[in-house]
Amino acid sequence: MTSTAQPVKIRKPLGDRILSVVCYIIAIVFAICCLIPFIMALSASFTSEVGLARNGFALYPTEFSAQAYKLLFRTSQIFQSYGVSLFVTIFGTFLSLVTSVLLAYPLSTGQLKYGSQINFFVYFTMLFSGGLVPSYMLISRYLHMKDSIWVLIIPILINPWNMFLLRNFFTSIPASMAESARIDGANDFTIMWKIILPCATPALATIGLFYALAYWNNWFQALMYIDKSALKPLQAIIMEMLRNTEFLKQMAGQIGISSLDLPTTTSKMATAMVTIGPIVLVYPFVQKYFTSGIMVGSVKG
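Structural notes, computed from the coordinates. In this text the structure is predicted, and so the values were computed from the model without any measurement. (Residues numbered from 1 in each chain as written. Predicted model: local features only at pLDDT ≥ 70, side-chain atom pairs only at ≥ 80, totals over all residues. Heavy atoms only, no water.)

Evaluated as defined, the whole model comprises 11 aromatic pairs. On the basis of an interplanar angle of 5° and a centroid distance of 5.7 Å, the ring pair of F46 and F64 is categorised as stacked. Pair noted here: F46 is in the loop between α1 (14-45) and α2 (49-55) and F64 is in the loop between α2 and α3 (67-72), with a separation of 18 residues, a long-range link. Since its relative accessible area comes to 27%, F46 is described here as partly exposed. Taken together, a centroid distance of 5.0 Å and an interplanar angle of 35° make the contact between F124 and F128 tilted. Put simply, the rings of F46, F64 and Y69 pair up and form one aromatic cluster. (Phe/Tyr/Trp six-rings, centres within 6.5 Å; stacked < 30°, edge-to-face > 60°. Helix = DSSP H or I, 4+ residues; strand = E, 2+ residues; numbered from the N terminus. Buried < 20%, exposed > 50% of the residue type's maximum accessible area, 1.4 Å probe, protein only.)

In structure tokens:
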């Protein structure tokens, strides 16, 4: 007869178990504290303006009303702007990752000619910029990118901080892996594509999330360079809608309308729900890479 060995269960000391319970409790309380404002904002977006003024914010709608969302989606412009924001976020994030990788990997090898000067040049742009007026003249007059969807992508294509995070991550990968591949006849592009990038998945996911958030929340480029309503992203359209709502609220008393009849606060809550929707859906898929990617990139300088 053969007997199968049973795994030995090691009982944790009492102090470790107490510490684990305390850590779980703190994490749960912190998660609840982060979740409650979101639930209250979602509830307020489905509450009438009068009910919100009367009862305040609550965890559930006291007087259900979808007036704020009707106001938000009253025209097809919001859907068109959603499409613009999705295109800019997806395509811009892809281009930013490609260009950042193509800049970060050669700088991480230490073999690039004038690499230190290029590093300094990129770092210099983090400290100083050309200024608003020269940038506007360059983009609109000389590059002729005004009223073009590319003006929402090209001027902010590479973020120096994200590039340095990628470079530091690439530097942390053992150089022996690249050297052994080079001995076998692999060129630099093959080494980057088949060895470095698969090892850098956490960093790519983290930097990709940074770029996606920047593109999705970007409204300044549209404010400066976009006049055509068909090319305005979601954030710019929502800002215009909120400004118009505030203006109507200020004019309500002069035209004999109660300000409570205008869904000003509830429309702001509905706007927040609409704008954070895609990010909330995407973040769980990259969350497992986030911590490891940002920590490795921040340790080495």
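For the structure on display, the rule yields three salt bridges. A salt bridge links E63 to R54; the shortest N-O distance between them is 2.3 Å. The salt bridge involving R182 is made with D188; its shortest N-O contact spans 2.9 Å. Here R182 falls in the partly exposed class, since its relative accessible area comes to 35%. Judged by relative accessible area, D188 falls into the partly exposed class, the value being 45%. (Salt bridge = Lys/Arg side-chain N within 4 Å of Asp/Glu carboxyl O.)

Here we come to the environment of I36. With respect to the element layout, I36 can be found in helix α1. Distance from I36 to L59, taken between C-alpha atoms, is 7.6 Å for residues 23 residues apart in sequence.

Let us now look at helix α10 (residues 201-217). For α10, spanning 17 residues, the distance from its first C-alpha to its last is 24 Å, which sits close to the expected 24 Å at 1.5 Å a residue. Most of α10 sits out of view: 12 of its 17 residues are buried. For α10, the set of buried residues is P202, A203, L204, A205, T206, I207, G208, L209, Y211, A212, Y215 and W216. (Expected span 1.5 Å × (residues − 1).)

Let's shift gears to unusual backbone geometry. In this structure, Y114 takes a positive phi of about 60° despite not being glycine. Along the chain, Y114 turns up in the loop between α4 (77-109) and α5 (115-127). Taking the relative accessible area as the measure of exposure, Y114 reaches 53% and is therefore exposed. The phi angle at H144 is positive, at roughly 55°, despite the residue not being glycine.

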